[in-house]
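# An overview of the molecular structure
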Amino acid sequence: MKRLLAAAAVLSAGHSVPGAAAVIIHPNGSATITTNEAGSFKVITTGTQGDAGTDLAGLSGSILFELIGGFNTNELTFRYTLKNISTLNNLGSSIAAFGFNVAPNASLDVLSGPFAEGAYKNGLAKGNFSGLGQREFCLFDGSNCSGNGNEGVYVNTAVNALDASKLLQAVGTFKLTYGSGPGAITFDGFATRWQRVGINQEQSASGTGMAIPEPSQWAMLIAGFAIVGGAMRARRRRELAAA
């Protein structure tokens, strides 16, 4: 079975869509993306650490990371699309900050979007998420990465009379700068900070995230399994015929 999985992965990688960077989603929820051309991966984040009495049910969001410029150079431009898809008693919630780690190490500059650069600046400090600890990079809409009056991306304009441009999602860009072209980058440690959590919107919470394959990657993986399965059946028929 392990050989089958490995073979399917190799086949799906070998049949990647032209013009798309290779993306590997690891079992621990991290993602590695090559930097030779455009590519993307999505992170699903949920509430995991709440203040006393916080209702975490239905607290959910997503972050789409897209490599859009600087291919094969030491200055890589990414676009992020942050969405708040919370339900149940958390329709009044907002995602006020998000953070992550990268390897190899880099410096970050925010280029556009509503989320200002966070506590991290060229390796001098790190952003802290309440209950989750430090992240190398943190972008926030407000005063810091742990809350304290942050606004952010909210679900329901009838509940939160905030900036309508941040209803349901926010889009922005940032740049990662290296001493030399890294070839590939691994993102992990995804974190989010939530405000106005619960039916009374009086609590806060932090959340963790995991990268998931995009639909095109699932299609390639399924195609890989189909190819490997067909090859194994043909091999089995040859073995039976020769017996």
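Since the model is a prediction, treat every value here as computed from it, not as a measurement.

On to the environment of S62. Assignment of secondary structure puts S62 in strand β4 (residues 60-69). Apart from residues lying up to four places away in sequence, S62 is in contact with K42, V43, I44, T45, T81, L82 and K83.

Structurally, E136 can be placed in the loop between β10 (133-135) and β11 (137-140). Classification of E136 as buried rests on a relative accessible area of 16%. From its side chain, E136 meets the backbone nitrogen of V102 in a polar contact 3.1 Å long.

A word on the nonpolar core. F41, F65, F98, F100, V102, L176 and F187 are the most contacted members of the largest nonpolar core, which has 35 residues in total. It is strand β14 (residues 184-197) that provides the largest number of residues to this core, a total of five residues. What F98 contacts, discounting residues up to four positions off in sequence, is I63, F65, Y80, L82, F115, F129, F137, C138, L139, A191 and T192. Listed in part, the six residues of the second largest apolar core include A97, C138, F140 and A191.

A complete count under the given rule lists two salt bridges for this structure. R79 is the partner of E66 in a salt bridge, and the nearest nitrogen-oxygen pair spans 3.0 Å. Of this pair, E66 sits in strand β4 while R79 sits in strand β5 (residues 75-84); the two residues are 13 residues apart in sequence, bridging distant segments of the chain. The class of R79 is partly exposed, set by a relative accessible area of 30%. For the salt bridge of K175 with E75, the shortest nitrogen-to-oxygen distance reads 3.9 Å. In this pair, K175 is assigned in strand β13 (residues 169-177) and E75 in strand β5, connecting sequence segments 100 residues apart.

Below, the discussion takes up the pairing of β4. Here is the key point about a regular strand: its side chains alternate between the two faces of the sheet. In terms of burial, β4 is a largely internal element, nine of the 10 residues being buried. Judged from the eight bridges that link them, β4 and β5 form a sheet pairing that is antiparallel. Pairing of L64 across the sheet is with T81, part of β5. Hairpin connection from β4 to β5: five residues lie between these consecutive antiparallel strands, with G70 at a positive phi of about 80°.

This next bit is on the confidence of the model for the chain. Here the chain shows a mean pLDDT of 79. Residues at 70 or above account for 70%. Across residues 1-18, where pLDDT falls below 50, the model places 19 contacts with residues more than four positions away in sequence or in other chains. Every residue in residues 217-226 scores below 50 in pLDDT, and together they form 16 contacts with partners more than four places removed in sequence or on other chains.

In this section: the state of the cysteines. Under the criterion given, the structure shown has one disulfide. Linked covalently through their sulfurs, C138 and C145 form a disulfide whose S-S length is 1.6 Å. Judged by the sign of its S-S torsion, about -120°, the cystine formed by C138 and C145 is left-handed. Here the two residues C138 and C145 agree in accessibility, since each one is buried.

Criteria and cut-off values
Residues numbered from 1 in each chain as written. Predicted model: local features only at pLDDT ≥ 70, side-chain atom pairs only at ≥ 80, totals over all residues. Heavy atoms only, no water. Helix = DSSP H or I, 4+ residues; strand = E, 2+ residues; numbered from the N terminus. Contact = heavy atoms within 4.5 Å. Buried < 20%, exposed > 50% of the residue type's maximum accessible area, 1.4 Å probe, protein only. Polar contact = N/O pair within 3.5 Å; in protein donor to acceptor, adjacent residues only side chain to side chain. Core = buried A, V, L, I, M, F, W, Y, C linked by side-chain atoms within 4.5 Å. Salt bridge = Lys/Arg side-chain N within 4 Å of Asp/Glu carboxyl O. Pairing = 2+ DSSP bridges. pLDDT = per-residue confidence, 0-100. Disulfide = S-S within 2.5 Å.

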